[in-house]
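Fold and geometry: a report
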Amino acid sequence: MRRVVLIQPRRDGRIFGKAPGSPYTLMRLASLVPEEIPVEIWDENLRNLELDTLREGDLVGITSMTVTIERAEQIARRAMKQGAGVVVGGVHATLMPEHVATFAHSVMVGEGYFTWQQLIQDFAAEGIKGMKPVYEDQRWADLEGLATITDRVIAMVDENKNYWTPYLEITRGCPRNCDFCTAIRVSGRRMRFRPVDEVIDEIKRRKIKRFFLTDDNFGLNFTIAPDYCAELFEELAKLDLQGWTCQSEMSIAKHPELLEMSVAAHLDKHFIGFESINPDNRSSLGGKSKGKADQMREAIRAIRKTGVGVVGLFVMGFDSDTPETFQAMWDFIRTSELDSVSTTMLTPYPGTPFREVVEREGRLLDVPWSHYDTAHLTFIPKNFTVEELRAAYDWLCRKIYSPYQIARRGLRSLGRYPLSKAGKKIFGSFSTDYGYRRTYAYRNAL
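Since the model is a prediction, treat every value here as computed from it, not as a measurement.

**A few points about the pairing of strand β6 (residues 106-110)**
Among the 5 residues in β6, 5 count as buried, and that is most of the element. In this structure, strand β5 (residues 85-89) lies alongside β6, joined through 2 bridges in parallel fashion. Bridge pairing in β6 links V87 to S106. Relative to strand β7 (residues 134-137), β6 runs parallel, the two sharing 4 bridges. Residue V109 lies in a different strand from β7, and its bridge partner there is E136. Considered for its hand, the β-α-β crossover made up of β6, helix α5 (residues 113-126) and β7 is left-handed.

Quick look at the structure:
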């Protein structure tokens, strides 16, 4: 066995000299490679891939979301042609293993931390012929001691130099079952928790000052694991952090004490999945929201009152949406106190109940996987023509992500902090909306 090469296909590329977010999954997988085996992480967002150097004896692992799976296929086929062993994992491989099996020696289904170690042993023993077609692990194992990031990998990636936002995981899983979400199909329904001391140790060794939690629904823990949250916040408060953000739900508004503790723990913003302001969509929202604007406004005020910012996450194009929904969405956003806004196009991802519906009804559009980016329309809507829904989404995004609105929300966010902290917080106050503006821009770039 010559080496292990772990690859993240290009998505965003560099922004002002750095890639947006660190390759966290690959960092953890690289940490499981035995010390005696050379391992490399190639992030195509950061630099061009040296694919011509791949050859027999190399084990190539590629992680991919649905939106990048076509590029993953190109890389996989090139690596296979040059004699390398190729395994593909990630969200798309877990949801559509039969598709990925057409262009890889092995498919990694599920979380893969245990099966990845088995695959390395199989390849080291017999090369490509030892690789099984599928390595499946959906046991949703406890997170204690799971894939601890090694110092070798930390030095290799050099996050502080190469990435704007380091990623971090503290909990995993989500019991909600939104019709359009892949979370429970990829991470399971059971909430799992990393030991707090392991989280703190990782932050210290990585020397990161700010991070984004990849947890699908960290805020749910305010309700189901308040003692764990309190312990975590107490320890994070002792660190010299610039700030961190997480994904949540509006139920956190019912826990002002924990919200106040989180401010002391340097938490900046909750990315809250309100999803829709149309109450007729509530059956699709998995219990996170009832689609009632008044309840959302009340929750936003309650959360911001404790000093925490709120990023509103909304999805447009549900079967109950009408042209009036888009006007109501704009009226809500411009009159709310949100710090930032994400408004995306409903997307029928593989493995979700919504995809089953549109497939059964013959409403899937014949578009490339690269359009599964939440900015393109990939299905035939119920109450619009395809052109009408695209036009309505464009109209809404132009309003939300105008320079004036981004500046207005950014200044509102920055105003939550005392002048002494403004220097540390200015990046985060404007970067979220800028990032979502770029995401919407893919709609016109592809």
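Now that the structure has been shown, we can carry on.
**Points about the packing of helix α11 (residues 226-236) against helix α12 (residues 256-264)**
In contact at an axis separation of 8 Å, α11 and α12 are set at 25° when each is read in the N-to-C sense. For the element pair α11 / α12, the angle class is roughly parallel. The two elements α11 and α12 cross, and the hand of that crossing is left-handed. Between α11 and α12, the residues in contact are P226, C229, A230, F233 and E234 and L258, M261 and S262, respectively. Looking at the contact of α11 with α12 residue by residue, the classes come out as 6 nonpolar, 1 polar and 1 charged.

**Remarks on the nonpolar core**
The biggest cluster of nonpolar side chains holds 104 residues, and the ones touching the most others in it are W116, F218 and W244. Examining the composition of this core, we find that 7 residues originate from one element, helix α16 (residues 386-400), more than from any other. Excluding anything up to four places from it in sequence, W116 contacts V4, L6, L29, L32, V33, L59, V87 and M108. In this structure, I69, V88, Y349 and Y372 belong to the second largest nonpolar core, which totals 26 residues.

**A short note on the sheet that holds strand β14 (residues 267-275)**
One open sheet accounts for 6 strands, arranged β9-β12-β13-β14-β15-β16; its pairing is parallel. The sheet is open, and its two edges are formed by β9 (167-168) and β16 (340-345), each paired on a single side. In the packing of helix α13 (residues 293-305) onto the sheet, contacts are made with β14 and β15 (309-316), and the angle to β15 comes to roughly 155°.

Procedures and definitions
- Residues numbered from 1 in each chain as written.
- Predicted model: local features only at pLDDT ≥ 70, side-chain atom pairs only at ≥ 80, totals over all residues.
- Heavy atoms only, no water.
- Buried < 20%, exposed > 50% of the residue type's maximum accessible area, 1.4 Å probe, protein only.
- Helix = DSSP H or I, 4+ residues; strand = E, 2+ residues; numbered from the N terminus.
- Pairing = 2+ DSSP bridges.
- Right-handed = clockwise from strand over helix to strand, strands pointing away.
- Axes fitted to C-alpha atoms, helices over the stretch in contact; angles between N-to-C directions.
- Parallel < 35°, antiparallel > 145°, perpendicular 65-115°, else oblique.
- Left-handed = near helix turned anticlockwise from the far one by under 90°.
- Contact = heavy atoms within 4.5 Å.
- Nonpolar A, V, L, I, M, F, W, Y, C, P; charged D, E, K, R; others polar.
- Core = buried A, V, L, I, M, F, W, Y, C linked by side-chain atoms within 4.5 Å.

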